[in-house]
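Survey of secondary and tertiary structure
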Amino acid sequence: MSLLSRSELLLAASLAAGLLVAPDVAAQAMPDIATDRPSFSATPQTVAAGIWLGEFGYLYTGNDDGPDQQTLPQALLRYGLADDMELQVNWSGYSRADSGGPSGFTDASIGVKIQLSDRPGATRMAFPATLSVPIGDDELSSDSFDPAVKFAWSHSGIADFFGTAAIATSDGDLTFSNGVGVAFAVGDRQGLFVEHQM
């Protein structure tokens, strides 16, 4: 009389193999990540091939000429298609305006980021390109598929400088915007940055 059936034996062997391999996998170093949130500027670095990265946040926009705006979850999903290319799916989510301004769901976007250079100590560069998808509420949607392209760069030295220039269309209007900033390490795993968007 057999104690284990063939399928139970295979399951037990698979679990045992998994337990033997798990410490090896866990011991592998996680790659450093460079996030695109919460700033205007995109990092010129891509996530490694086969890796998913989810970034989420809260955005408060103070406006002297109109209502203040609060938006979340500011979701950005990034997936490494290759070591120098990633897929991006972005959705700001629900935006609420104070004082009777427009509130509701925003448009989403899908895009790719192509890394041009990634040599430590040199200027890193990338081209992120997106296409908005008009899924938002009437007051917050452009009601069209709007393309945008950016040029993102960073340079490490005494301090880490970064910036992004963007060209986009929305409702048939062409817009240009850019941002520059500087980042500082605060510890081994923490940092802070200051950015000016124009």
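Here, the structure is the one placed above.
Residues numbered from 1 in each chain as written. Predicted model: local features only at pLDDT ≥ 70, side-chain atom pairs only at ≥ 80, totals over all residues. Heavy atoms only, no water.

1. Considerations on the overall build of the protein
Scanning the protein from terminus to terminus reveals 1 helix and 11 strands. Across the 198 residues that make up the protein, the buried fraction comes to 27%. Once local pairs closer than 6 in sequence are excluded, the contacts in the protein between residues at least 24 apart make up 42%. Accessible area of the protein: about 12,800 Å², with a carbon and sulfur share of 62%. (Helix = DSSP H or I, 4+ residues; strand = E, 2+ residues; numbered from the N terminus. Buried < 20%, exposed > 50% of the residue type's maximum accessible area, 1.4 Å probe, protein only. Contact = heavy atoms within 4.5 Å. Areas by Shrake-Rupley, 256 points an atom, 1.4 Å probe, with all protein chains shown as cover.)

2. Comments concerning the pairing of strand E3 (residues 69–82)
Pairing of strand E1 (residues 52–55) with E3, which is carried by 4 bridges, proceeds in the antiparallel orientation. The partner of Gly54 across the bridge, within E3, is Leu77. Bridge count for strand E2 (residues 59–61) against E3 is 3 bridges, and the pairing is antiparallel. Its bridge partner being in E3, Leu59 is matched across the sheet by Thr71. Summarising the sheet, E3 and strand E4 (residues 85–97) pair through 12 bridges and their orientation is antiparallel. Across the sheet, residue Arg78 finds its bridge partner in E4, namely Gln88. (Pairing = 2+ DSSP bridges.)

3. Quick look at the pattern of salt bridges
Applying the stated criterion across every chain, the model contains 5 salt bridges. Among the ionic pairs, Arg78 bridges to Glu86, the shortest N-O distance being 2.8 Å. Among the residues examined, Arg78 registers a relative accessible area of 0% and is labelled buried. We classify Glu86 as buried; its relative accessible area is 0%. Shared partners join several salt bridges into a network, and the residues in it are Asp36, Glu55, Arg78, Glu86 and Lys113. (Salt bridge = Lys/Arg side-chain N within 4 Å of Asp/Glu carboxyl O.)

4. Observations regarding the environment of Phe56
Here Phe56 shows up in the loop between E1 and E2. For the pair Phe56 and Leu76, spaced 20 residues apart in sequence, the C-alpha to C-alpha distance is 6.4 Å. Phe56 has contacts with Pro73, Gln74, Ala75 and Leu77, leaving out every residue within four places of it along the chain.

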